[in-house]
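Coordinate analysis (summary)
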Amino acid sequence: MIIDYSTEKLTSQEAKNLRKLLLSSDFFNQLDFELYAFLLEEEKIENKTFLVTCILLNYLNQKGYICLDLLQWNNLLKEGNWERNSFPINLPEFNFWINQLRLFKEQVAFIPQGSPPPPHSTAKTLLILEGNRIYFQKNHCYENQILKTIKEKINQFSHLKVDVHSFKNSTQLLNEEQTLAVYSTLVNPLSIISGGPGTGKTFLIHNILYQNLKRNPEANHILLLAPTGKAVNRLKEALLKNIAANPPDLINGEINNLLKKAATIHRFIKESNFRGNNFVPKLDLVLIDEFSMVSFSLFYHLFQNLECEKIVFIGDHHQLSSISNGALLKDLVSNSKKYNSTKKFTAPLSTLLPHKKIIAEAGLKEKRLRDCIVELKKNYRQADQPDLIKIFQYVRDDEKNSNFLAEIKRPSDCFLWIAEYEADDYTKIVRQKMLPHYHKWFSLMKTISPTHDKEWTSHLKSKIILSPFKQGLYSTSYNNALIEKILREEKLISQSDYEEGVYHGKPIIITKNNYELGIFNGDLGVILEDEEGNYSLLLESLNHALPLEKVIHFETFYSLTIHKSQGSEFEEGILVFPSKEKSENLILNRELLYTALTRIKKKITLMIKEQDLNWLLENTDHRYSGLNERVWEL
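Residues numbered from 1 in each chain as written. Predicted model: local features only at pLDDT ≥ 70, side-chain atom pairs only at ≥ 80, totals over all residues. Heavy atoms only, no water.

1. Some thoughts on the overall build of the chain
Heads up, the condition is: Secondary structure is summarised from DSSP: a helix means a run of H or I of at least four residues, a strand means a run of E of at least two, and numbering begins at the N terminus for each. Radius of gyration: over C-alpha atoms. The globule rule applied is 2.2 Å multiplied by the number of residues raised to the 0.38 power. Relative accessibility thresholds used throughout: buried, under 20% of the residue-type maximum; exposed, over 50%; partly exposed, between the two (1.4 Å probe, protein chains only). What makes two residues a contact is simply this: any of their non-hydrogen atoms within 4.5 Å. For the area figures, the Shrake-Rupley method with a 1.4 Å probe applies, and any residue is considered shielded solely by the protein chains shown. His residues and chain termini do not enter the charge count, which takes Lys and Arg as positive and Asp and Glu as negative. By convention, the point assigned to a charge is CZ for Arg, NZ for Lys, CD for Glu and CG for Asp.
Looking only at helices and strands, one finds 27 helices and 20 strands in the chain. For 634 residues, the compact-globule formula gives about 26 Å, and the C-alpha radius of gyration of the chain, at 26 Å, lands near that figure. Principal axes of the C-alpha set define a box for the chain whose edges measure 75 × 65 × 55 Å. For the chain, buried positions account for 56% of its 634 residues. The contacts of the chain with a sequence gap of at least 6 include a subset with a gap of at least 24, amounting to 75%. Total accessible area on the chain is roughly 29100 Å²; 49% of this is exposed by carbon and sulfur atoms. Averaged over its 78 positive side-chain charges, the chain has a centre that lies 5 Å from the centre of its 77 negative ones.

Next up, the structure:
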C-alpha cells in the first residue's frame, strides 16, 4: 500500500485501504487492526506518520521487540523472510519520519539520547522518542526499571570482605570460570552468569549459596526463583542431589530449607501483591535461574517493589529468549567483550586464578558492569562426546557457518543429518528411531503402580521428537498423531484406545500451573488405568496419583516444541524443521537451532533441508531494544 506522506492527514481512501490491508494481510493480526481503529476512530488521530509508526511498532512488539531504532531502520526491519521492501506499507524517509514524530507532541514524548533513566516514569504519551529510538510508553518504562536496578547495584561493592587465600582453598572442586563466578557473587551486589548446557550451572548455584552463607551466616534471607514451575522443580531436584553428595552440615541444611520456599517469579509477584502495596520484601540475596526466559515486563513487575542486597542472574544468553518481549540476558551480556573490568575487581584475581589470564585490552574502557558478568564455556555433560561439543560451539560461534556445516556432514555415531526426505521417509525414520523405545515403555507400563517410580520418568526422558511449532506438517500435533498411529499398527495400543485418545501408559505433559494440586506447566506424567477401568494420572512432581478428571490442562507427550523443551534434557532426539515455504508465519532462527541441539545429550538426528538450514543459520533473533547500549552508558 502506498501512502503519500506529502500531506499530513490520512485521506478517506487511504484510511479505507489501510483498514482493508490490516484485516486481510498475513503480516498483521486483529491486535494491529484494533490499535489502528482505536487511534483513528476513538482518539481521532489522522496523522499518517504517527498511525503507520504505531502499526509498525505494534507489529514488532508482538515479535518481541522493545523499540524501533529509526537510525538503523534498513537493517532493523528484517524479520525472518520479511524485508523492508516487502513490508506492505511504504514507510517515511528517515529524516522526515523523525521530524514528524518530534512535532506530534500530543502523543509523542521526546527525550534526548543518553538521558539517565528517571526514578519514576512521568510520560503520559503513547510513544516515547529517545534519540532515534521509538518506544511504546510501557516498554520504555520496563527498560528504565531494568536500568535503574542495574545502576543501583553496579554503583556499589559488597561490604563482605573476602580473604582470597581461604576462598581459594574452599573452592578446589570448581574450575577457574566457576571460581570467578562464585567470587563475583561474594563481592558484587550484581552477578550475571551465562553458560551453555553442561557447564555446571546448577553445581555452581549450590556453591554460590554455600559460600555466601558460609561467609555471612546472618544474610540468610535468600530467595530462589525461576520463570516456570518446571524450572523451579528441576532446580530443586538438582540442588538436592548436590546436597546429598556433600557431607551433612548446617549450611547444607539451610540450603535445603531455602528450596522449600523456591517459587516461580509469577507466583512470588502474585503473593507479594496479595499482601498489599506496603509489603516490600527485604532480602539478602535473590537468585534467578533460567534467566534467558525472563522478559522485560516480568523483570519490571518483580523488581519495582523488591529490596535486596545482592542479585544473581543465571542462564544461557545463546538460548531462545522469552516468549514475551525482549532478549534481556542477551542484551546484558552481548556487548560485555567491548569493555574491560575495573582494576579494583581484577586486582585479587591473579592469586585466585593463576592460570586464567585477566588482561585489560588496550583501548577498551573500564566498566563496572563488566566486573559483574561471567561466561562459562567448559562443557562437562558431553565430555565423552567431543563431536557434539564441537557442533554446539560452531552453531553458537561460527559466523561463517562453514565449520558447523562441515562438522555435521562428517560421519559420526552421535550425529546424523538427513537433508532430503518427504513425509513417507519421515514416517520410516520415526518408526525406526522411536519404536524400540516405546516397545520398552509399554512393557514397563505393565508393572507400573500408582506409586512414584523414577524408572518411568527416566525412560520417558530418554528419547524425544522436537519441532519448532505445534500445528502443521512435522509439528508436535503431527508427531503425536504419527506415533499413536504407529503404536496402534504395532498393537501396543488398541483401536478403541487410539480412537478415544485415553489409554494406560499414555505419556502427557502439563500445560498450566495448578498450585492447589501442586502441579506445574511442563511436569511430565503418565495415564494409568486400574482393573475397574478408572483412569488416574501419575506425575513426576508428586509421590501419588491423581484422578484424571481433576487434571484438565495437559497434552500428549511423544513430541515437544523447542520452546517448551527449554530447561529439559534428553538422551536422544529427532529434531525436525519445516521447509521455509511451509512455515511463512514462523520465525525460525539460529537460537532456535542452538536450543534444540543442546537439549540432547548423546545422539541427535537432525532433519532439515540444506537450503532451509543455511537460511536458518543466517537468521538470528534480533529483538531490538535500547538496553544493550544504554546499560553501558551507566
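On we go from here.
2. Section: the nonpolar core
Quick reminder of the rule: Residues belong to a common nonpolar core when they are buried Ala, Val, Leu, Ile, Met, Phe, Trp, Tyr or Cys residues joined through side-chain atoms within 4.5 Å.
Within the largest apolar cluster, 66 residues are counted, with the highest numbers of intra-cluster contacts made by Phe-404, Phe-577, Leu-593 and Leu-597. Looking at this core, the element that brings in the most residues is helix α20 (residues 423-445), giving ten residues. When sequence neighbours within four positions are dropped, the list of residues in contact with Leu-593 reads Val-395, Phe-404, Phe-577, Leu-606, Leu-613, Leu-616 and Leu-617. Within the second largest apolar cluster, 45 residues are counted, among which are Ile-154, Ile-288, Phe-291 and Leu-627.

3. What about the pattern of salt bridges?
Between side chains of opposite charge, a pair can form as their charged atoms come close. Operational definition: Salt bridge, as used here, is a side-chain nitrogen of Lys or Arg placed within 4 Å of a carboxyl oxygen of Asp or Glu.
Overall, the coordinates contain 28 salt bridges when judged by the stated rule. Measuring nitrogen to oxygen at the nearest pair gives 2.9 Å for the salt bridge that ties Lys-330 to Glu-591. Here the residue Lys-330 occupies a position in helix α14 (residues 328-333), and Glu-591 occupies one in helix α25 (residues 590-597), the gap between them amounting to 261 residues. Grouping residues by exposure puts Lys-330 and Glu-591 together as buried. Its salt-bridge partner being Lys-506, residue Glu-484 comes within 3.6 Å of it at the nearest N-O pair.

4. Some thoughts on the sheet that holds strand β1 (residues 67-69)
Going by this rule: Paired strands are those between which DSSP finds at least two bridges. Every axis in this analysis is a line fitted to C-alpha atoms, fitted for helices over the stretch in contact. Angles between the N-to-C directions lie between 0 and 180 degrees.
Strand order in the open sheet made by the four strands is β1-β4-β3-β2, with mixed pairing throughout. Unpaired on one side and paired on the other, β1 and β2 (108-111) mark the two borders of the sheet. Each strand axis lies, on average, 20° off the axis of its neighbour in the sheet, ignoring direction.

5. Observations regarding the sheet that holds strand β7 (residues 263-264)
Where strands meet in a sheet, backbone hydrogen bonds hold them as pairs that are either parallel or antiparallel. The strand order across the open sheet formed by six strands is β7-β6-β8-β9-β5-β10, and the pairing between neighbours is parallel. Strands at the two margins of the open sheet, each flanked by one partner only, are β7 and β10 (373-376). In this sheet, β10 lies alongside strand β5 (residues 190-195) in parallel orientation, the contact comprising four bridges. Bridge pairing in β10 links Ile-192 to Ile-373. Across the face of the sheet, helix α6 (residues 137-154) comes into contact with β5 and β9 (307-315) while running at roughly 110° to β9.

6. A closer look at the packing of α20 against helix α22 (residues 476-489)
Which entries qualify depends on this criterion: What makes a crossing left-handed is the near helix being turned counterclockwise from the far one by less than a right angle; a clockwise turn instead makes it right-handed. In this classification, the charged set is Asp, Glu, Lys and Arg, the nonpolar set is Ala, Val, Leu, Ile, Met, Phe, Trp, Tyr, Cys and Pro, and all remaining amino acids, among them Gly, are polar.
Interaxial distance between α20 and α22 falls to 9 Å at its minimum, and their mutual angle equals 65°. Between α20 and α22 lies a crossing whose hand is right-handed. Here Ala-423, Tyr-426, Thr-427, Val-430, Arg-431, Met-434, Leu-435, Tyr-438 and Phe-442 of α20 lie close against α22, whose contacting residues are Tyr-478, Asn-479, Leu-482, Ile-483, Ile-486, Leu-487 and Glu-489. Within the contact of α20 with α22, the residues separate by chemical class into twelve nonpolar, two polar and two charged.

7. A few points about the side chain of Lys-153
Within the secondary structure, Lys-153 is located in helix α6. The buried charged residue Lys-153 lacks any salt bridge partner; its closest oppositely charged side chain belongs to Glu-152, at an N-O distance of 5.6 Å. Contact partners of Lys-153, with chain neighbours within four places excluded, come to Pro-189, Leu-190, Cys-308, Glu-309, Lys-310 and Ile-311.

8. Observations concerning the packing of helix α3 (residues 48-62) against helix α5 (residues 94-103)
Spelled out, the test is: With respect to orientation, any angle under 35 degrees is reported as roughly parallel, any angle over 145 as roughly antiparallel, any angle of 65 to 115 as roughly perpendicular, and every other angle as oblique.
In contact at an axis separation of 10 Å, α3 and α5 are set at 105° when each is read in the N-to-C sense. The angle between α3 and α5 places the two elements in the roughly perpendicular class. Contact residues: α3 offers Thr-49, Thr-53 and Leu-56, while α5 offers Phe-96, Trp-97, Gln-100 and Leu-101. Residue classes in the contact of α3 with α5 are distributed as four nonpolar, three polar and no charged.

9. Focus: the packing of aromatic side chains
Operational definition: Two aromatic rings from Phe, Tyr or Trp, using only the six-membered ring of Trp, form a pair when their centres are within 6.5 Å; if the ring planes differ by under 30 degrees the pair is stacked, by over 60 it is edge-to-face, and anything between is tilted. Only when the NZ of Lys or the CZ of Arg is both within 6 Å of the ring centre and within 35 degrees of the ring normal is a charge said to sit over the ring.
Evaluated as defined, the whole model comprises 20 aromatic pairs. Between Tyr-421 and Tyr-474 the ring centres are 5.7 Å apart and the planes differ by 55°, which places this aromatic pair in the tilted class. On the criterion of sequence distance, the pair formed by Tyr-421 in the loop between β11 (415-418) and α20 and Tyr-474 in the loop between β12 (463-467) and α22 is long-range, its members being 53 residues apart. In this structure, Tyr-421 and Tyr-474 share a single accessibility class: buried. A network of ring pairs unites the aromatic residues Phe-291, Phe-299, Phe-303 and Phe-313 as a single cluster. Against the face of Tyr-498 rests Arg-488, its NZ or CZ located 4.5 Å from the ring centre.

10. Things to note about the environment of Gln-13
As for its position among the elements, Gln-13 is in helix α1 (residues 12-24). Once the C-alpha coordinates of Gln-13 and Ile-205 are considered, the two residues, 192 residues apart in sequence, prove to be 61 Å apart.

11. Quick notes on α1
Condition: Multiplying 1.5 Å by the residue count of a helix minus one yields the expected span of that helix. Taken from the helix axis, the directions to the C-beta atoms give the arc we talk about.
For α1, built from 13 residues, the straight-helix expectation of 18 Å at 1.5 Å per residue is met to within 8% by its first-to-last C-alpha distance of 18 Å. For α1, every residue scored as buried is listed here: Glu-14, Ala-15, Leu-18, Leu-21 and Leu-22. An end-on view of α1 places all buried positions within 130° of arc, on one side of the element. The exposed residues of α1 that point more than 90 degrees off its buried face are Ser-12, Lys-16, Lys-20 and Ser-24. Along its buried surface, α1 packs onto α2 (30-42) and α3.

12. Some words on unusual backbone geometry
In this model, Glu-290 sits at a positive phi of 50°, which is unusual for a non-glycine residue. Looking at the element boundaries, Glu-290 is found in the loop between β8 (282-288) and α13 (296-303). Non-glycine residue Tyr-474 carries a positive phi angle of around 65°.

13. Section: the pairing of β12
The element β12 is extensively covered by neighbouring structure, given that five of its five residues are classed as buried. By the bridge criterion, four bridges tie β12 to strand β19 (residues 570-576) in an arrangement that is parallel. Bridge assignment links Lys-463 to a residue of β19, and that residue is Glu-572. Note that β12 and strand β18 (residues 559-561) share three bridges and pair parallel. Along β18, the bridge assignment pairs Ser-467 with Thr-561.

14. Brief notes about the confidence of the model for the chain
Counted only if it meets this: Confidence scores per residue from the predictor, reported as pLDDT, run from 0 to 100.
Residue-level pLDDT values for the chain average 87, and 92% of them are 70 or greater. Low pLDDT, under 50, characterises residues 78-85; the predicted model gives this stretch 21 contacts beyond four residues in sequence or across chains.

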